[in-house]
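Commentary on secondary and tertiary structure
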Amino acid sequence: VDVAYQGIEDARASGMEAVYGNFLRGNVSESLYLLGRWTEARELAVRALDWRPTGVIFLTAAVQLAMIEIETEAGERAARYLGRTTLEFDAVPEPQLAGSHYLASASYALWRGDVADAARSVDRGWAAVREMVAALEPVRGEAAGERAHFVGEAVPAPGLPDAEILFPRRGMFGTHA
């Protein structure tokens, strides 16, 4: 949390507060929420939204603010924030925030006593996770191939412990013939 606060201050000092400061506010808001510091989390999320961000910067702060409002009152403000995030997810899907968004949706439904709606939110969340995992499969395959390629080319470095190896073709750790 302290590191994020320092990052926010650094962003402000360098004139990048609207971009980096707000992104960090949304992230630290999540940490503060998880730590039970909800008032502080709410203040940071609201300040991040004051700049009228879009995309992931908006979603980070708005999802967090929706979660805080749901867990503290589950009232009209919670519904408004949740509705805004739903519209934004439709326009710009952000897989990294899908879990938080659908968790907030399910929680809101449960606070209202609507178990069926909560179940639908959970189902949509799992569908988003499955979609994201499926999209990562080609990347995993490529990474496995690269790892096998590196391991096949690894040569022990003279004068270094056996655990340290060089990859001469890639030039990652210097040159070695």
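This text goes with the structure placed above it.
What comes next is a walk through the structure. It should be emphasised that the depicted structure is a prediction, and the values quoted were computed from it without experimental measurement.

Turning next to the packing of aromatic side chains. According to the stated counting rule, one finds 1 aromatic pair in the structure shown. Arranged with centres 5.4 Å apart and planes meeting at 10°, the rings of Tyr33 and Trp38 form a pair that is stacked. On the accessibility criterion, Tyr33 (13% relative accessible area) is buried.

Between the first and last C-alpha of helix H3 (residues 38-50) there are 18 Å, a value that for 13 residues agrees with the 18 Å anticipated at 1.5 Å per step. Those residues of H3 not exposed but buried are Ala41, Leu44, Ala45, Ala48 and Leu49. Buried residues of H3, seen end-on, are gathered within an arc of 135° and therefore sit on one face of the element. Projecting away from the buried face of H3 at angles above 90 degrees are the exposed residues Thr39 and Asp50. Looking at the buried side of H3, the elements it contacts are helix H1 (2-13), helix H2 (17-34), helix H4 (55-72) and helix H5 (76-91).

Assignment of secondary structure puts Ser105 in helix H6 (residues 95-111). Look past the residues within four positions of Ser105 in its chain and what remains in contact with it is Leu82 and Ser121.

Next up on the list: the pattern of salt bridges. Counted according to the given criterion, the structure contains 9 salt bridges. Between Arg12 and Glu9 there is a salt bridge, and its shortest N-O distance comes to 2.4 Å. With Arg12 and Glu9 both in helix H1 and 3 residues apart, the pair spans about one turn of that helix. With a shortest N-O distance of 3.6 Å, Arg112 and Asp114 are connected by a salt bridge.

By volume, the largest pocket amounts to about 420 Å³. Looking at the largest pocket, it is lined by 20 residues, and the ones nearest its centre are Phe89, Asp90, His101, Tyr102 and Ala128. Breaking the lining of the largest pocket down by element, the ones donating at least two residues are H5, H6 and helix H7 (115-153). Here the element with the most residues in the lining of the largest pocket is H7; it accounts for 7 residues. Of the residues contributing to the lining of the largest pocket, the split by class is 10 nonpolar, 4 polar and 6 charged.

A word on the nonpolar core. Judged by nonpolar contacts, the single largest core of 28 residues is most densely connected at Val28, Leu49, Ile70, Leu82 and Tyr108. At the level of secondary structure, the elements contributing two or more residues to this core comprise H1, H2, H3, H4, H5 and H6. When residues of this core are assigned to their parent elements, the largest contribution, 10 residues, is made by H4. Beyond its immediate chain neighbours, meaning those up to four positions away, Leu49 contacts Phe58, Ala61, Ala62, Leu65 and Tyr81.

Structurally, the α-helix is built with 3.6 residues per turn, so residues lying three or four positions apart point the same way. With 18 residues, H4 should cover 26 Å at 1.5 Å per step; its first-to-last C-alpha distance of 26 Å lies within 8% of that length. Across the 18 residues that make up H4, a large majority, 15, are buried.

About the thresholds
Residues numbered from 1 in each chain as written. Predicted model: local features only at pLDDT ≥ 70, side-chain atom pairs only at ≥ 80, totals over all residues. Heavy atoms only, no water. Phe/Tyr/Trp six-rings, centres within 6.5 Å; stacked < 30°, edge-to-face > 60°. Buried < 20%, exposed > 50% of the residue type's maximum accessible area, 1.4 Å probe, protein only. Helix = DSSP H or I, 4+ residues; strand = E, 2+ residues; numbered from the N terminus. Expected span 1.5 Å × (residues − 1). Arc of directions from axis to C-beta. Contact = heavy atoms within 4.5 Å. Salt bridge = Lys/Arg side-chain N within 4 Å of Asp/Glu carboxyl O. 1 Å grid on protein atoms, 1.4 Å probe; cavity = no way out; pocket = protein on both sides within 12 Å on 5 of 7 lines; lining within 4 Å. Points joined across faces, edges and corners; volume = space filled by probe spheres on them. Nonpolar A, V, L, I, M, F, W, Y, C, P; charged D, E, K, R; others polar. Core = buried A, V, L, I, M, F, W, Y, C linked by side-chain atoms within 4.5 Å.

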